[in-house]
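Each chain, written out:
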Amino acid sequence: PYASALCVAGGRIQAVGGDEAVMRSSCAAKVAASAGAASRVVDLAGATVIPGLTDSHAHIMYESARRLRADLLESALPADAVRRASEWARSNPELVKAAGGWVQGFGWDQTKWPGGAFPTRKDLDTMFPDVPVLLEQLSGHACWINSKALEVVSADIPATGDPEGGHIERDTSGKPTGILSDGAMYLVLRHIRPYTVAHVDKALTTVLHEFASLGLTGVHDFDALDPDLKLYQQRIARGDFTLRVYAAIRGGAGGGSPDDPFIKTEDGLLTKRTVKFFSDGAMGSWSAAMLKPYNDKPGVSGTLVYTPDTFRSNVTAWAAKGYQIATHAIGDAANRQVLDVYEELLKERQSNTSDLRWRVEHAQILSAEDLPRFAALGVIPSMQPSHVAADLAYAEARLGEERVSRSYAWRTLLGTGVTALPFGSDFPTAGSIPPLLGIHAAVTRETAEGVPSGGWFPEQRVTREQAIKGYTVDAAFASFREKELGKLQLGFLADLVIFDRDLMTVDSPLLLNATVLGTIVGGHVVYAANASTSAAAAGLAGLVPPRARNFHHPREGPKTQAFKKAVGPAASWWRTYTEDAREDGRAEDEDGVEEEFV
């Protein structure tokens, strides 16, 4: 249903409906009686307001770390990636020095290169004979290093075989080619010095502003480490955290402990109550675990990270402490293993599975037998529509027609009656930030360029309502906040996005042209487009921005000694940190007024 007005006070929606009804509400009377810039009536001049959009699977600090490395996303060939890395290193000597002399990059994708084969260390050696280099693949499940890097880490590389949960590509003589995937990446990543807190904090500021400008009010932040959470809490305390984060920490080897306490900040901007496991790798690096070998790489079926017994033991330990369980599963073999263990443990618990809301992250390639099991078990498939646009060029050659027809099966899963289908992007490892890219992919099954016309396996397209629901209502349900997030409803938190057009009616090709005029989190304007853009933007621009106030109710300010960490430039689940406690040097804002507006 549509409404033409709403009123916000105290960070929540206090009235919603027709213009006359809202203007006569007690909320409007309170706004009218207030004075100052924090209270006003804003005419959006026909713009469209929807609930704030939440990305249900992404990596905030990994996205921040990406900004500190060479950008290889547009690399057309291995030589192009090498050139871009070289140019970046020449332009950013301070970042190379800060990382201990390592040149780093992110985003190459061999599936977009002619032939689709992995590059080798020799490709890098021509430009980097004496400097260690690590360039991470777009999926985050593989990295490409040069001979100098192999020399630096030689003591950690096994002469034969693979480390547990990982793979080392080797040539016919058994020597590493320079490609390491999943668990093998850690053999190199731990040798790279992490960046300083100053680098990381600056990058995070840029990322938070970008989120707000694109209409993101929330992110389910996967693989969040303790230093990430401390940095978020510090920024919340000083009033410059403009996002609602539902954090999932990493379980298993090298992860957290089931005894780690939950987190829920007073303002609701940060919650931690979920643990994430990896069951396999990624399709792009042939490490997603398949029931049968890949069509384009016979003899290779990917990598299962755990045995069933080990996975069962891990899930049991964390579930016993009340953690929500979420598991990365791309391949059909990985999804089978996860669902088998979930089913066994859920039967043992004999509880209402909707109260547990266990998740499978990606649920990308599913066997016909496993498709209906999500609904039957009350398990949430958390999926990323933009993966279709990223993978459709090579997925059929890799999987074959029969398997690929059961991949990214959103409509089929909805038809089986799944409780929720939250959508996200998996930025930066397999997608980019703009949620409109995901909404467009969900309703068209096309790339941003409209390929293929009519959609790839169009029977799996979802409706506009279902797509937006994936970023609002279902995202809220997957994070146990469906009673206060995801709807424009009385008493709900005022997380809102204002678009220049109606996403429900605009032609599909024009979805990507929609412009965010304003973004509001908890009743605070965290982004307003340039006032010259529209009357709506002009009205919002006058509201006090969050950087000038705290997001929480006034209370004791942050300690002057700020506990800070530095995030390493490695894959999000292998990041390392260093502690840097120093004087914060920032005065707490004295203005704690809540914004109120109609």
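Along each chain, residue indices are assigned from 1 in the same order as the chain's sequence is written. Reporting of local features is limited, given that this is a predicted model, to residues whose pLDDT is at least 70; pairs of side-chain atoms are given and counted only at 80 or more, and all residues count toward the totals for whole chains, interfaces and linings. Excluding hydrogens and water, the side-chain values take into account all heavy atoms of the structure.

*Asks:* Where do I start with the overall build of the protein in this structure?
*Replies:* The helix and strand tally for the protein stands at 22 helices and 26 strands. Taken over 598 residues, the protein has a buried fraction of 59%. Note on contacts: a residue pair qualifies if any of its non-hydrogen atoms lie within 4.5 Å across the two residues. Residue pairs at least 24 apart in sequence account for 73% of intrachain contacts in the protein once pairs closer than 6 positions are excluded. About 22600 Å² of surface is accessible on the protein, with carbon and sulfur atoms providing 52% of the total. The numbering of helices and of strands both runs from the N terminus, where a helix is a DSSP run of H or I of at least 4 residues and a strand a run of E of at least 2. Residue burial is assigned from relative accessible area. The probe radius is 1.4 Å, only protein chains are included, and a residue is buried under 20% of its type maximum, exposed over 50%, and partly exposed in between. Note on areas: Shrake-Rupley, 1.4 Å probe, and residue coverage restricted to the protein chains presented here.

*Asks:* Got a minute to help me understand the packing of aromatic side chains in this structure?
*Replies:* Each aromatic ring pair is specified by the distance between its two centres and by the angle formed by the two planes. Side-chain rings of Phe, Tyr and Trp (the six-membered ring for Trp) are treated as a pair once their centres are within 6.5 Å; stacked means planes under 30 degrees apart, edge-to-face means over 60, and tilted covers the remaining angles. If you walk through the whole model with that rule in mind, you get 19 aromatic pairs. Centre to centre, the rings of tryptophan 113 and tryptophan 144 are 6.3 Å apart; their planes meet at 70°, and the pair counts as edge-to-face. Here the residue tryptophan 113 occupies a position in the loop between strand E7 (103–108) and helix H6 (121–125), and tryptophan 144 occupies one in strand E9 (residues 142–145), the gap between them amounting to 31 residues. Ring centres of phenylalanine 277 and tyrosine 306 lie 6.3 Å apart, and the angle between their planes is 80°; this geometry places the pair in the edge-to-face category. One end of the pair, phenylalanine 277, is in strand E15 (residues 270–278); the other, tyrosine 306, is in the loop between E15 and helix H11 (308–320), with 29 residues separating them in the sequence.

*Asks:* Is there a simple way to explain the state of the cysteines in this structure?
*Replies:* Disulfides are covalent bonds that connect the sulfur atoms of two cysteines. Defined by distance alone, a disulfide is two cysteine sulfur atoms within 2.5 Å. Following the criterion strictly, the structure yields one disulfide and no others. With a sulfur-sulfur separation of 2.0 Å, cysteine 7 is cross-linked through a disulfide to cysteine 27. Looking down the S-S bond of the cysteine 7 and cysteine 27 bridge, the torsion is -75°, so its handedness is left-handed. With a gap of 20 residues between them, cysteine 7 in strand E1 (residues 5–9) and cysteine 27 in helix H2 (residues 26–33) connect regions that are remote in the sequence. Residue cysteine 7 is classed as buried on the basis of its relative accessible area of 0%. Judged by its relative accessible area of 4%, cysteine 27 falls in the buried class.

*Asks:* When you look at H2 in this model, what are you seeing that I'm missing?
*Replies:* The periodicity of an α-helix, 3.6 residues per turn, causes residues three or four places apart in sequence to face the same way. The complete set of buried residues in H2 reads Cys27, Ala28 and Val31. In a view along the axis of H2, the buried residues occupy a sector of 95°, so they form one face of it. Exposed side of H2, more than 90 degrees from the buried face: Ser26, Ala32 and Ala33 are the residues found there. It is the directions from the helix axis to the C-beta atoms that the arc portrays.

*Asks:* How do you make sense of the pairing of strand E21 (residues 524–528) when you look at a structure like this?
*Replies:* Within a regular strand, the side chains alternate between the two sheet faces. For E21, a buried count of four out of five residues is recorded, marking the element as mostly surrounded by other parts of the structure. Pairs of strands are assigned from DSSP output, requiring at least two bridges between the strands. Where strand E20 (residues 516–521) lies against E21, four bridges are found, and the strand directions are antiparallel. Looking at E21, one finds that threonine 519 is bridged to tyrosine 527.

*Asks:* Mind showing me how you'd approach the packing of helix H9 (residues 197–213) against helix H10 (residues 226–238) here?
*Replies:* Helices that pack against each other are described as a pair by the angle of their axes relative to one another and the distance between those axes. Lines are fitted to the C-alpha atoms to define the axes, a helix being fitted only along its stretch in contact, and any angle between axes, read from their N-to-C directions, falls within 0 to 180 degrees. For the pair H9 and H10, the least separation of the axes is 12 Å and the interaxial angle reads 70°. In terms of orientation, H9 lies roughly perpendicular with respect to H10. Considering how the two elements wind past one another, H9 and H10 form a crossing that is right-handed. For the pair formed by H9 and H10, the contact residues are Val200, Asp201, Leu204, Thr205 and Leu208 on the first element and Leu231, Tyr232, Arg235 and Arg238 on the second. Considered class by class, the residues forming the contact of H9 with H10 number five nonpolar, one polar and three charged. Here roughly perpendicular refers to angles of 65 to 115 degrees, roughly parallel to angles under 35, roughly antiparallel to angles over 145, and oblique to all remaining angles. Helix crossings fall into two classes, left-handed where the near helix is turned counterclockwise from the far one by less than a right angle and right-handed where it is turned clockwise. Each residue is assigned to one class: nonpolar for Ala, Val, Leu, Ile, Met, Phe, Trp, Tyr, Cys and Pro, charged for Asp, Glu, Lys and Arg, and polar for all the others, Gly among them.

*Asks:* Any chance you could explain the sheet that holds strand E6 (residues 70–71) here in plain terms?
*Replies:* Sheets are built from strands paired through backbone hydrogen bonds, the pairs being either parallel or antiparallel. An order of E6-E7-E8-E9-E11-E10 is seen for the six strands of this open sheet, with the pairing classed as mixed. A single partner strand is all that each edge strand has here, and the edge strands are E6 and strand E10 (166–170). Bridge analysis of E10 against strand E11 (residues 176–182) gives four bridges, and the strand direction is antiparallel. In the sheet register, glycine 166 faces E11, and the bridge partner there is aspartate 182.

*Asks:* Is there a simple way to think about unusual backbone geometry in this case?
*Replies:* Keep in mind that most residues, glycine aside, have a negative phi and that most peptide bonds are trans. Between phenylalanine 427 and proline 428 the backbone carries a cis peptide bond, its omega angle lying at -5°. Even without glycine at this site, aspartate 182 takes up a positive phi of about 50°. One can find aspartate 182 in strand E11. What makes aspartate 182 buried here is its relative accessible area of 8%. In this structure, alanine 363 takes a positive phi of about 40° despite not being glycine. Take alanine 363: it is sitting in the loop between strand E17 (359–362) and helix H14 (373–377).

*Asks:* What is the right way to look at the confidence of the model for the protein in this model?
*Replies:* The predicted structure's coordinates, where accompanied by low pLDDT, should not be read in detail. Within the protein, residue pLDDT values average 88, and 89% of them lie at 70 or more. Here residues 546–595 is a poorly scored stretch, pLDDT under 50, and it has 166 contacts once near neighbours within four places are set aside; other chains count. Along the chain, pLDDT gives the predictor's confidence residue by residue, from 0 to 100.

*Asks:* Where do I start with the pairing of E9 in this structure?
*Replies:* The two faces of E9 match: Ala142 and Trp144 on one face and Cys143 and Ile145 on the other face are all buried. As judged from the three bridges shared by strand E8 (residues 133–137) and E9, these two strands associate in the antiparallel manner. By the bridge assignment for E9, leucine 134 is matched with isoleucine 145. Between E8 and E9, which pair antiparallel in sequence order, lie four residues; one of them, glycine 140, sits at a positive phi of approximately 80°. Pairing of E9 with E11, which is carried by three bridges, proceeds in the antiparallel orientation. The residue bridging cysteine 143 from the neighbouring strand is leucine 180, located in E11.

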